[in-house]
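In case you want the letters, here they are:
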Amino acid sequence: MTVKDEPARAAVLGWPASHSLSPRLHGYWLRELGINGTYRAITVGPEKFAGKLRTLAAAGYRGFNVTLPHKEAALAAVDEVDAEAVRIGAVNTIVVGQNGRLLGSNTDGYGFIENLKTNPAGLDAGAIIAGGPVVVLGAGGAARSVVAALDNAGAPEIRVVNRTVEKAQALAHDIGREKGAAIGVFSWPERETALINATLLVNATTLGMANKPVLEIVLDNLPADALVTDIVYTPLVTPLLAAAAGRGNPTVDGLGMLIHQARPGFNAWFGAWPEITPGLRENILAAAAC
Ligand code: NAP
């Protein structure tokens, strides 16, 4: 085999990495597009993470996804970080550039917005966000990406609701107001008050996920036309989405965010923008349910 015929290689690094759906996702696209490439899951501990990135890059890998617990460490491990990843405080995608330079970015916010745009009701997600207030439940890593993306997309007001208020305050401080959104902090008992006049409700907590507690929230204050999305995708229809749909609110599930956030990395490593098809969603869901 000549160097030219060698497969393009990429990988997800985590600790562990075996649970990651990324190999299945990228593998599906590689097969569909007939690309000579491989995508592996590599388990590596925190002390060896930065060195492993360099070793793999030197061995010819085109890039990486980064999953728990390395997303924050990846900020310092790469040579260059884009502004969005700095703002969020985490890197989830790395491209190996010229001379082995590692370029870090965060595509979760992109995935979140692209997923909203494909809402089944065909609503104008941009208008919904710009017509805010929008409500984000949670202040963890995923919520930071979501809030930054909503600010970028023109939300006038973002209400961040979190059990640990200090974390929501830190999020508002770190992410806030770059594009002008007013970020308000609400305590967990205030979550139903935060719904008044909202155009969008996002669950970015772990609540409602399989094997986690249910998200307990009464939606009476939420306008009937507000869009509701849950970034939890196991189960696909979370109790929040079921309750929202039951009272007539349009909804978007979280699987599309997972798939969309993977597309920029795939394009950078393998040279094509992959499609999101029903077959892909079914394939990923089958694995997610295991
Ligand atoms: P994380 O950093 O651990 O944050 C967890 C969040 O959930 C925090 O806000 C936490 O509140 C809140 N929470 C946990 N238990 C709670 C409880 N009993 N009551 C109230 N709030 C509670 O996790 P993450 O990385 O942000 O991920 C959050 C969820 O998003 C996960 O289910 C993850 O799978 C999903 N996710 C989906 C995508 C996608 O592509 N669809 C991408 C990323 C993440 P405290 O701050 O008070 O602890």
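Going by the structure above, here's the rest.
Visitor: Honestly, the overall build of the chain in this entry has me stumped. Any pointers?
Guide: Secondary structure summary: the chain contains eleven helices and twelve strands in total. Computed over its C-alpha atoms, the radius of gyration of the chain comes to 19 Å, within 12% of the 19 Å expected for a compact globule of 290 residues. In terms of overall dimensions, the chain has C-alpha extents of about 65 × 40 × 35 Å along its principal axes. Here the chain, with 290 residues, has 51% of them falling under the buried criterion. On the chain, roughly 12,900 Å² of surface is accessible, and the fraction owed to carbon and sulfur atoms is 54%. Within the chain, one finds 24 positive and 26 negative side-chain charges whose respective centroids are separated by 7 Å.

Visitor: Please explain the site of the ligand as it appears in this structure.
Guide: In the region of the ligand, 21 residues are neighbours, and Ala142, Asn162, Arg163, Thr164 and Ile231 sit closest. Residue Ala139 places a main-chain N or O atom 3.0 Å away from an oxygen atom belonging to the ligand. For the ligand, an oxygen atom lies 3.0 Å from a polar atom in the side chain of Lys167. Surface burial for the ligand is 77%, taken as the share of its 930 Å² of free accessible area covered by protein chains. Comparing atom positions with the cavity grids shows the ligand to sit within the largest pocket. Elements that contribute at least two residues to the shell around the ligand include exactly α7 (141–152) and α10 (255–270). Across the shell around the ligand, the residue classes tally to eleven nonpolar, eight polar and two charged.

Visitor: Mind showing me how you'd approach the layout of surface pockets here?
Guide: To find the voids left in a structure, one rolls a probe of water-molecule size over its atoms. Considering only enclosed or pocket space, the largest pocket measures out at about 1,600 Å³ in volume. If you trace the largest pocket, you find 49 residues lining it, with Leu68, Ala142, Thr206, Met209 and Ile231 closest to the centre. At the level of elements, β3 (63–66), α7, α10 and α11 (278–288) are the ones that each hand at least two residues to the lining of the largest pocket. It is α7 that contributes the most residues to the lining of the largest pocket, four residues altogether. Residue lining of the second largest pocket: 14 residues in total, with Asn115, Pro120, Val252, Asp253 and Arg281 positioned closest to the centre. If you list the elements that add at least two residues to the lining of the second largest pocket, you get α9 (239–246), β12 (251–252) and α10. When residues in the lining of the second largest pocket are grouped by element, the largest group, three residues, is from α9. For the lining of the second largest pocket, the per-class residue count stands at seven nonpolar, five polar and two charged.

Visitor: Whenever I open this one, the sheet that holds strand β11 (residues 227–230) confuses me. Can you help?
Guide: By way of backbone hydrogen bonds, the strands of a sheet pair with one another, either parallel or antiparallel. In space, the six strands of this open sheet follow the order β9-β8-β7-β10-β11-β12, with parallel pairing throughout. Edge positions in the sheet fall to β9 (182–187) and β12, since each has one partner strand and no second. Summarising the sheet, strand β7 (residues 134–137) and strand β10 (residues 200–203) pair through four bridges and their orientation is parallel. Its bridge partner lying in β10, Val136 is registered against Val202. Each of β8 (157–162) and β9 is contacted by helix α8 (residues 165–175), which is oriented at about 175° to β9, the strand it contacts most.

Visitor: Would you mind going over the sheet that holds strand β1 (residues 8–14) with me for this structure?
Guide: Pairing in this open sheet of six strands is mixed, and the strands run β2-β1-β3-β5-β6-β4 from one edge to the other. Only two strands of the sheet have a single neighbouring strand rather than two, namely β2 (37–43) and β4 (80–81). Packed on one face of the sheet, helix α1 (residues 22–33) meets β1, β2 and β3 and runs near 175° to β2.

Visitor: Just to check I follow, could you spell out the environment of Gly126 for this structure?
Guide: When you line up the elements, Gly126 lands in helix α6 (residues 125–130). A relative accessible area of 38% places Gly126 in the partly exposed class. Sequence separation between Gly126 and Leu116 is ten residues, and the spatial gap between their C-alpha atoms is 8.8 Å.

Visitor: What exactly am I supposed to notice about the pattern of salt bridges here?
Guide: A pair can form between side chains of opposite charge whenever their charged atoms are brought close. For the structure shown, the criterion picks out nine salt bridges. The partner of Arg87 in a salt bridge is Glu84, and the shortest N-O contact between them spans 3.9 Å. Taken together, the residues Arg87 and Glu84, both in helix α4 (residues 83–88) and three residues apart, mark about one turn of the helix. Overall, Arg87 belongs to the buried group, its relative accessible area being 7%. For Glu84, a relative accessible area of 19% puts it in the buried group. Among the salt bridges present, the one from Lys117 reaches Glu114, with a minimum N-O distance of 2.9 Å. Highlighted residues: Lys117 and Glu114, both in helix α5 (residues 108–117), separated by three residues, approximately one helical turn. If you follow the salt bridges from partner to partner, you end up with Glu84, Arg87 and Asp151 in one network.

Rules used throughout
- Residues numbered from 1 in each chain as written.
- Predicted model: local features only at pLDDT ≥ 70, side-chain atom pairs only at ≥ 80, totals over all residues.
- Heavy atoms only, no water.
- Helix = DSSP H or I, 4+ residues; strand = E, 2+ residues; numbered from the N terminus.
- Rg over C-alpha atoms; globule rule 2.2 N^0.38 Å.
- Buried < 20%, exposed > 50% of the residue type's maximum accessible area, 1.4 Å probe, protein only.
- Areas by Shrake-Rupley, 256 points an atom, 1.4 Å probe, with all protein chains shown as cover.
- Lys, Arg positive; Asp, Glu negative; His and termini not counted.
- Charge placed at Lys NZ, Arg CZ, Asp CG, Glu CD.
- Near = heavy atom within 4 Å.
- Polar contact = N/O pair within 3.5 Å; in protein donor to acceptor, adjacent residues only side chain to side chain.
- 1 Å grid on protein atoms, 1.4 Å probe; cavity = no way out; pocket = protein on both sides within 12 Å on 5 of 7 lines; lining within 4 Å.
- Sits in = over half its atoms within 2 Å of the grid points.
- Nonpolar A, V, L, I, M, F, W, Y, C, P; charged D, E, K, R; others polar.
- Points joined across faces, edges and corners; volume = space filled by probe spheres on them.
- Pairing = 2+ DSSP bridges.
- Contact = heavy atoms within 4.5 Å.
- Axes fitted to C-alpha atoms, helices over the stretch in contact; angles between N-to-C directions.
- Salt bridge = Lys/Arg side-chain N within 4 Å of Asp/Glu carboxyl O.

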